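# Examining the three-dimensional arrangement
Chain residues, written in single-letter form:
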Amino acid sequence: MKISVNRDLCYGSGDCVYRVPSVFTAADGFGAVIPGRENAGDDPEVREAAERCPSQAITIGE
Ligand code: SF4
């Protein structure tokens, strides 16, 4: 499932990068998905990172 980060909501806390550095990275002060890892949304750690994002900026969709 596809992961996306809404930059309008993200404030760059870095939580997602800390939790799952194999999938998330920091770009221009925002959280971002590492290119090529956009389809890692089935990973339980990614799901947890999305649930715990303090601004609910991470979406996991089809
Ligand atoms: S956890 Fe949420 S607010 Fe923090 S960097 Fe990641 S996407 Fe942005």
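These notes cover the structure that comes with them. Chains are numbered independently. Their residues run from 1 in the order of the written sequence. In keeping with the predicted nature of the model, local features appear solely for residues at pLDDT of at least 70, side-chain atom pairs appear and are counted solely at 80 or more, and the whole-chain, interface and lining totals rest on all residues. Each side-chain value is worked out from all heavy atoms of the structure, with water and hydrogens disregarded.

## So, the environment of Gly41
Here is the rule we go by: Secondary structure counts use DSSP, requiring at least four H or I residues in a row for a helix and at least two E residues in a row for a strand, with both numbered from the N terminus. Any two residues whose heavy atoms approach within 4.5 Å at even a single point are treated as in contact.
As for its position among the elements, Gly41 is in the loop between strand 3 (30-33) and helix 2 (44-52). Contacts of Gly41, omitting those with residues within four sequence positions, involve Met1, Ile3, Val46, Arg47 and Ile60.

## Digging into empty space enclosed by the protein
The condition that has to hold: Cavities and pockets are found on a 1 Å grid laid over the protein atoms alone: a cavity is a set of points where a 1.4 Å probe fits but cannot escape, a pocket is an open set with protein on both sides within 12 Å along at least five of seven lines, and a lining residue has an atom within 4 Å of such a point. Grid points are joined across faces, edges and corners, and a volume is the space filled by probe spheres set on the points. Residue classes follow a fixed rule: Ala, Val, Leu, Ile, Met, Phe, Trp, Tyr, Cys and Pro count as nonpolar, while Asp, Glu, Lys and Arg count as charged, and any other residue, Gly among them, counts as polar.
Scanning the model with the defined rule gives one cavity of 30 Å³ or more in all. When its volume is computed, the largest cavity comes out at roughly 110 Å³. Around the largest cavity, the lining comprises 14 residues; the ones closest to its centre are Cys10, Ser13, Gly14, Cys16 and Cys53. For the lining of the largest cavity, a count of residues per class yields eight nonpolar, five polar and one charged.

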